[in-house]
There are 2 protein chains.
Amino acid sequence: MSIEKFKSISPADFFYKNREIAGFDNPAKATYMIIRELVENSLDACETHKIIPEIYIRLRKVPTTPNVYEIHVQDNGCGIPFDHIPPAFGQILYSSKYVLRQTRGTFGMGGKMAILYGQITTHFPVTIISSTGVEDWYLFKLMIDIQSNKPIVKSRRSFPNPSHNHGTIIEFRFEGDYTRAKQRIIEYLKLTATILPYLNLTFIDPDGVLYLFSRSTKILPKPPIEVLPHPNGVDTETLSRLISETKAKSMIEFLQKHFHRVGKRTAVKFLKHVNVDPSRSPKSLVSDEILHLGQAMRNYKFFLPPDAKCLSTIGTDLLIKGIKKEFNPEFVVAVTRPPSVYEGHPFIVEAAIAYGGNVSSPQCPGDINLFRFANKIPLLYDAYNDVSMKVIKKIKWWRYRVDIEKDPIAFFIHICSTKIPYKTIGKEYIADRPEIEYEIEWALKNCGKRLRAYLMRKAKMEIKKRRLLILEKYLPHIAKFASELAGKSDIPNYFKLLKHID
Amino acid sequence: MSIEKFKSISPADFFYKNREIAGFDNPAKATYMIIRELVENSLDACETHKIIPEIYIRLRKVPTTPNVYEIHVQDNGCGIPFDHIPPAFGQILYSSKYVLRQTRGTFGMGGKMAILYGQITTHFPVTIISSTGVEDWYLFKLMIDIQSNKPIVKSRRSFPNPSHNHGTIIEFRFEGDYTRAKQRIIEYLKLTATILPYLNLTFIDPDGVLYLFSRSTKILPKPPIEVLPHPNGVDTETLSRLISETKAKSMIEFLQKHFHRVGKRTAVKFLKHVNVDPSRSPKSLVSDEILHLGQAMRNYKFFLPPDAKCLSTIGTDLLIKGIKKEFNPEFVVAVTRPPSVYEGHPFIVEAAIAYGGNVSSPQCPGDINLFRFANKIPLLYDAYNDVSMKVIKKIKWWRYRVDIEKDPIAFFIHICSTKIPYKTIGKEYIADRPEIEYEIEWALKNCGKRLRAYLMRKAKMEIKKRRLLILEKYLPHIAKFASELAGKSDIPNYFKLLKHID
């Protein structure tokens, strides 16, 4: 019998071999993914550091080779310290996204996958220029050694930065298909601009067309903050790691120091509940005790819920403003739900419904106008498996006096969280967690109620208007006839009466 | 301005943090995934080595802890050499699946994710017992060091193996939910048994119920063979690697040695086409030349198509047998398409349509009875994004005289390939490649045609039967009347006539 050949591969090699799972299915999808991932990295680099984003994208065809494009993305973000540049762009699983914080990127993978894809298809190095403002400008030309998952620095230079500017420029080549990707790319940029009114974005496409999305405000939302893990969501692995790394001398100190929203009083109460001595050293816990402590933490009902301060919502005002700008609807309503939690991760659902105006009815039977956002990025692919679609299909919309397959109605759902449970690394759609389902359902029902009230008011107004029309038509005749009957020559002023009719 | 915190994480850590993308969304889904991944590994370990599979699965509740289960899976597969056991079960991205061969596993990830999930939720080591037949039996108790992605051997023993048996036993604990996973698990096992009539599988569930799937044949299909990459699917990265590793002295030797279906004549013709000297050493090619060579290889139309010998289909006979066994339909038709290729990966599509009998109509409006298989494994989740569903919805079924949403009709699609383009690491659904779409469409249309012929024949038979019934009723009277009229006492034998009616 022959023996199986075993081998170990690097993470870069794994994602190189399986790039579909990161969304790089084909040249058109790759073109979309590259622009999307770079834009999202730029936005994260700005917003988490309270910088008003200014992004410039240029995509051009390389004249010498068919189907090869050159992408150039420039931002005014926080920049990257020069010694981190090679691994941050040339090493898979090296990132600043591996903390608990609401960011667009969650896998720390997109930018590198884009560069990897460029390298695979064209074998050209990527050029990165960056400065944090305190350092000089550094220019790197890099390639990825896929087999060992290490960056190869092809060349390196520095330039003085006397005015302390900061930001990052990235430029590389890839085999793509802009013609087939164009529609999605423009839709993506438009929707991004819709929910980020403080964004200045310029895109020059390969045909030389300039798309300009200008900001309408300079007010930035609060930046998201990094948080500690919530005790209800901790697993045994996390707990063991924290115990092995902690400098806390006692269990009571340990709980307060490493978990979200655990103060002294909660810590004391919880330790009493699990019968652990508060003064005991965390390092003294054995494997079995850690296991039981973890289970108790997951199941204990009296920890405070996660603090939503770490999350950055869009807010109903901005949401409505953005929708009005793009869809000019007859009626729009938005709801921001209170913060909730799944597996210890705080999240907030925001929903909006737009009706009439420039909102069109779904084009094909079975279609639904659903616009999905997660941590302020639009999700355009694979809507049919998404949790939001599932919820919309579950709700009995006739109760709200609408037929979602025929009426001009559009749904907007935004989920923000320190961890969005994406089902794919390409961030195409969101897994259905019961907690998230519940929040979406109530946000939509709440919007639905107000839409129904509007529609009923509108119907009532219709009736009133018709009644008024009739009265306006006949009242003069009645007045005239009545005054004739009373033998008076003056017709009474019936306009006053019309005004009083309700 | 604060500086971003960069850090590098291990692949184990990445998948631990993002287990949704591997299908471990929640306890119920995890229970299903664990059984599925272990069964698929066992089947691969048998079939690729021409062993008739014999699998025993036991899932039991651990009485001391709520929601904790113990899984035990035993197979008679090829076994694992003892020095490979720790990394094969305790190191992510270490596997025997990283070759071009049709196997159920493609990511080399499932078994390890199952073990990882068990460890995260219970902190218990996994027990593995294995022998290749030539070695002793080895027992390992392992845990995974997630942060460094290395196996930790907790204990190790060996037992003599005088009768040279082979196989693997794996056992570990995890937090799960069998009640909610049960239906899917049984459906999964049933469908697996349906398409593998040579499989003996025993499953004892936590309630003590025994499910026995017995084999009906001992004939194994040809095992899949490992193949070289096809030149049409080669990218610059693969080409560079092959050039740096090759021992070939000339380009003509290089092409023949490292690519699928490239013989001397093809190599000469291709090298002439790209203006490369056949005697030139591959190592002398510079970066730009490699890039152009790669592009030329991808676009050259005269390479032979991939050989389907490396693929292992189910075959129409077995497919029909399996469907008849499980669904007992009134009519069933199956088609195996000729081999095709996407991105250099050969693939074959098989499709079947079952009609009537125990096939029920779709239960909810909008539902379609679709059973999907890929490399002989049933896919149960996320059907709505799958390429097969897309194709079925595209076909105008009224042309085939059926209404797929109301009639009792079921579709079966099997795709086998050296690389299935799954969109998720949890192998839930398949990306839509135009080449695969095309093959599915024609397989279904072919089945559809034969179904229509059957339905038309059936309708014609109905008419005939009715006509015969009428004749049978009136012919005796006519015969009697005619004989009376002719003054004869004998009634002519009209049964002969009835037999001749068509």
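Residues numbered from 1 in each chain as written. Chains lettered and ligands numbered in written order. Predicted model: local features only at pLDDT ≥ 70, side-chain atom pairs only at ≥ 80, totals over all residues. Heavy atoms only, no water.

Description of the overall build of chain A
Counted only if it meets this: Comment: elements are numbered from the N terminus, with helices defined as DSSP H or I runs of at least four residues and strands as E runs of at least two. Any pair of residues with heavy atoms lying within 4.5 Å of one another is described as a contacting pair. We get accessible surface area from the Shrake-Rupley algorithm with a probe of 1.4 Å; when it comes to residues, only the shown protein chains can shield them. All tallies of charge rest on Lys and Arg as positive and Asp and Glu as negative; His and the ends of each chain are not included. Lys charges are placed at NZ, Arg charges at CZ, Asp charges at CG and Glu charges at CD.
Along the backbone of chain A there are 13 helices and 16 strands. When the backbone C-alpha atoms are referred to their principal axes, chain A occupies close to 110 × 75 × 65 Å. Expressed as a percentage of contacts within chain A between residues at least 6 apart in sequence, the contacts between residues at least 24 apart total 72%. For chain A, the computed accessible surface area is about 22400 Å², with 55% contributed by carbon and sulfur atoms. Taken as two groups, the 74 positive and 52 negative side-chain charges of chain A have centres that lie 5 Å from each other.

Topic: the pattern of salt bridges
Quick note on the threshold: A carboxyl oxygen of Asp or Glu within 4 Å of a side-chain nitrogen of Lys or Arg is what we treat as a salt bridge. Here's how the labels work: a residue is buried when its accessible area is under 20% of the maximum for its type, exposed when over 50%, partly exposed in between, all with a 1.4 Å probe on protein chains only.
One pass over the structure, following the stated rule, counts 65 salt bridges over all chains. Between Lys-394 of chain A and Glu-441 of chain A there is a salt bridge; the shortest N-O distance is 3.4 Å. Taken together, the positions of Lys-394 of chain A in helix α11 (residues 387-394) and Glu-441 of chain A in helix α12 (residues 434-485) put the pair 47 residues apart, joining distant regions of the chain. Relative accessible area serves as the criterion here: at 16%, Glu-441 of chain A is assigned to the buried category. Between Glu-428 of chain B and Lys-423 of chain A there is a salt bridge, with its nearest N and O atoms 3.1 Å apart.

A short note on the side chain of Thr-192 of chain A
Residues and elements named next belong to chain A. Mapping Thr-192 onto the fold places it in helix α5 (residues 178-195). Since its relative accessible area comes to 1%, Thr-192 is described here as buried. Ignoring anything within four residues of it in the chain, the contact list for Thr-192 reads Leu-43, Leu-199 and Pro-378.

Some words on helix α8 (residues 264-273) of chain B
Residues and elements named next belong to chain B. Heads up, the condition is: Working definition: the arc comes from the directions between the helix axis and the C-beta atoms, pointing outward to the latter.
The complete set of buried residues in α8 reads Thr-266, Ala-267, Phe-270 and Leu-271. One face of α8 carries all of its buried residues, which in axial projection span an arc of 125 degrees. In α8, the exposed residues that point more than 90 degrees away from the buried face are Lys-264, Arg-265 and Lys-272. In this fold, the buried residues of α8 make contact with α7 (251-258) and α9 (287-299).

With respect to the sheet that holds strand β5 (residues 126-131) of chain A
All names here are of chain A. Selection rule: Two strands qualify as a pair provided DSSP detects at least 2 bridges between them. Between N-to-C directions, angles cover 0 to 180 degrees, with each direction set by a line fitted to C-alpha atoms, over the stretch in contact for helices.
On the basis of which strands lie adjacent, the open sheet formed by eight strands has the order β7-β6-β5-β8-β3-β2-β9-β10 and mixed pairing. Every interior strand has two partners, whereas the edge strands, β7 (150-159) and β10 (210-213), have only one. On average, each strand axis in the sheet is inclined to that of its neighbour by 15 degrees, with strand direction left out of account. Inspection of the sheet shows β5 paired to strand β6 (residues 137-145) by five bridges, in the antiparallel sense. By the bridge assignment for β6, Thr-127 is matched with Lys-141. Most of the contacts of helix α2 (residues 27-47) go to strand β2 (residues 54-61), to which it runs at about 155 degrees, and overall it touches β2, β3 (68-75), β8 (167-175) and β9 (200-204).

As for the packing of helix α5 (residues 178-195) of chain B against helix α10 (residues 316-327) of chain B
All names here are of chain B. Which entries qualify depends on this criterion: The cut-offs work like this: below 35 degrees is roughly parallel, past 145 is roughly antiparallel, 65 to 115 is roughly perpendicular, and the gaps in between are oblique. In this classification, the charged set is Asp, Glu, Lys and Arg, the nonpolar set is Ala, Val, Leu, Ile, Met, Phe, Trp, Tyr, Cys and Pro, and all remaining amino acids, among them Gly, are polar.
Relative orientation of the contacting elements α5 and α10 amounts to 135 degrees, with a least axis distance of 8 Å. Considering their axes alone, α5 and α10 lie oblique with respect to each other. Between α5 and α10, the residues in contact are Lys-190, Ala-193, Thr-194 and Ile-195 and Leu-319, Gly-322, Ile-323, Lys-325 and Glu-326, respectively. Tallied by class, the residues present in the contact of α5 with α10 amount to four nonpolar, two polar and three charged.

A word on the relation of the copies chain B and chain A
As a reminder, the rule being used: When the copies are superposed, the least-squares fit draws on C-alpha atoms of residues that have pLDDT of at least 70 in both.
When chain B is brought onto chain A, the operation consists of a screw motion whose angular component is 180 degrees and whose axial shift is 0.1 Å, with 0.2 Å RMSD remaining. The two molecules are tied by a two-fold rotation axis, judged by turn and shift. Of the residues that chain B buries at the interface, 99% are likewise interface residues in chain A, meaning the two copies contact each other through the same surface.

Quick word on unusual backbone geometry
At Asp-382 of chain A, a position not held by glycine, the phi torsion is positive, near 55 degrees. Note that Asp-382 of chain A resides in the loop between β15 (377-379) and α11. A positive phi angle is found at His-123 of chain B, which is not glycine, with a value near 60 degrees. Looking at the secondary structure, you find His-123 of chain B in the loop between α4 (110-122) and β5 (126-131). Residue classification places His-123 of chain B among the buried positions, given a relative accessible area of 15%.

A look at α5 of chain B
Residue and element names in this part refer to chain B. Keep this limit in mind: Expected helix span is computed as 1.5 Å times (number of residues minus one). Note on bend: at a given residue it equals the angle between the axes fitted to the 7 residues ending there and to the 7 starting there.
Taking 1.5 Å per residue, 18 residues should reach 26 Å; α5 reaches 25 Å between its end C-alpha atoms and fits that length. Bending of α5 peaks at approximately 25 degrees at the position of Arg-184. Every buried residue belonging to α5 is among Tyr-178, Ala-181, Ile-185, Ile-186, Tyr-188, Leu-189, Leu-191, Thr-192, Ala-193, Thr-194 and Ile-195, and all of these are buried.

Thoughts on the packing of aromatic side chains
What counts here: Two rings from Phe, Tyr or Trp (for Trp, the six-membered ring) form a pair when their centres sit within 6.5 Å of each other. Planes less than 30 degrees apart are called stacked, planes more than 60 degrees apart edge-to-face, and all others tilted. Geometrically, a lysine NZ or arginine CZ counts as sitting over a ring once it is within 6 Å of the ring centre and also within 35 degrees of the ring normal.
Going through the model one piece at a time under the given rule, you end up with 48 aromatic pairs over all chains. Between the aromatic rings of Phe-14 of chain A and Phe-15 of chain A, the centroid separation amounts to 5.2 Å while the plane-to-plane angle is 90 degrees, which identifies the pairing as edge-to-face. We note that Phe-14 of chain A, like Phe-15 of chain A, is buried. One aromatic cluster is present, built from ring pairs that chain together Phe-14 and Phe-15 of chain A together with Phe-14 and Phe-15 of chain B. The ring of Tyr-381 of chain A carries the charged tip of Arg-184 of chain A above its face, separated from the ring centre by 4.0 Å.

Things to note about a nonpolar patch on the surface
Residue and element names in this part refer to chain A. Keep this limit in mind: Excluding any residue in a salt bridge, patches collect residues exceeding 30% relative accessible area, merging like charges within 9 Å and nonpolar Val, Leu, Ile, Met, Phe, Trp and Tyr side chains within 5 Å.
Together, Ile-470, Tyr-474 and Ile-478 make up an exposed nonpolar region whose accessible area comes to about 310 Å². Among the structural elements, Tyr-474 can be located in helix α12. Judged by its relative accessible area of 46%, Tyr-474 falls in the partly exposed class.

A look at the domain arrangement of chain A
How we decide: Each domain's limits were defined by an automated method or a database of domain assignments.
According to the domain assignment, chain A contains domain 1 (11-213), domain 2 (231-299), domain 3 (308-453) and domain 4 (454-497). A straight line from the C-alpha centre of domain 2 of chain A to that of domain 4 of chain A covers 77 Å.

Considerations on the pairing of β9 of chain A
Residue and element names in this part refer to chain A. When you tally the buried positions in β9, you get four out of five residues, the bulk of the element. Here β2 runs beside β9; their pairing, made up of five bridges, is parallel. What sits directly across from Ile-57, in β9, is Phe-203. Pairing geometry for β9 and β10, over four bridges, is antiparallel. In the sheet register, Ile-204 faces β10, and the bridge partner there is Leu-210. Where β9 folds back on β10, the antiparallel hairpin that results is connected by five residues, among which Gly-208 adopts a positive phi of roughly 85 degrees.

With respect to the interface of chain B and chain A
For clarity, the cut-off: Defined in terms of a 1.4 Å probe, buried area is the accessible area two parts forfeit on being brought together, summed over both. Between N or O atoms, a polar contact is any pair within 3.5 Å; within protein, one atom must be a potential hydrogen donor and the other a potential acceptor, and residues adjacent in sequence are included only when both atoms are from side chains.
Contacts between the two partners involve 79 residues from chain B and, on the opposite side, 78 residues from chain A. Between chain B and chain A, a total of about 6900 Å² is buried, with carbon and sulfur atoms accounting for 52% of that surface. Taken together, the links from chain B to chain A amount to 14 salt bridges. Notably, a salt bridge pairs Glu-20 of chain A with Lys-419 of chain B, separated by 3.1 Å at the nearest N-O pair. Between the two partners, chain B and chain A, sit 29 residue pairs in polar contact (both at pLDDT 80 or more). Those elements giving two or more residues to the side of chain B that touches chain A turn out to be β1 (7-8), α1 (11-17), β4 (94-95), α4, α6 (236-245) and α9 of chain B.

Observations concerning the nonpolar core
Under the convention used in this document: What we call a nonpolar core is a set of buried Ala, Val, Leu, Ile, Met, Phe, Trp, Tyr and Cys residues that are connected through their side-chain atoms within 4.5 Å.
In terms of nonpolar packing, the biggest core is built from 240 residues, with Phe-14, Phe-203 and Leu-444 of chain A together with Phe-14 and Phe-203 of chain B touching the most fellow members. Leu-444 of chain A has contacts with Ala-351, Ile-353, Val-391, Ile-392, Ile-395, Trp-397, Phe-411 and Ile-413 of chain A, leaving out every residue within four places of it along the chain.

Remarks on the environment of Asp-490 of chain A
All names here are of chain A. Its location among the elements puts Asp-490 in the loop between α12 and α13 (495-500). For Asp-490, a relative accessible area of 63% puts it in the exposed group. Each C-alpha atom of the pair Asp-490 and Ala-479 lies 9.6 Å from the other, and the pair is eleven residues apart in sequence.

Some remarks on the state of the cysteines
What counts here: Criterion for a disulfide: a pair of cysteine sulfur atoms within 2.5 Å.
All told, the structure shown has zero disulfides over all chains when counted by the stated rule. Free of any disulfide, Cys-447 of chain A has its nearest neighbouring cysteine sulfur in Cys-416 of chain A, separated by 15 Å. Relative accessible area serves as the criterion here: at 0%, Cys-447 of chain A is assigned to the buried category. Among the cysteines around Cys-46 of chain B, which has no disulfide bond, Cys-78 of chain B carries the closest sulfur, lying 7.8 Å off.

Overview of the sheet that holds strand β10 (residues 210-213) of chain B
Residues and elements named next belong to chain B. The sheet built from eight strands is open, its strands ordered β7-β6-β5-β8-β3-β2-β9-β10 with mixed pairing. Strands with a single pairing partner mark the edges of an open sheet, and in this sheet they are β7 (150-159) and β10. Ignoring strand direction, the axes of neighbouring strands in this sheet form an average angle of 15 degrees. Where β5 and strand β8 (residues 167-175) come together, five bridges link them in antiparallel fashion. Looking at β8, one finds that Ser-130 is bridged to Thr-168.

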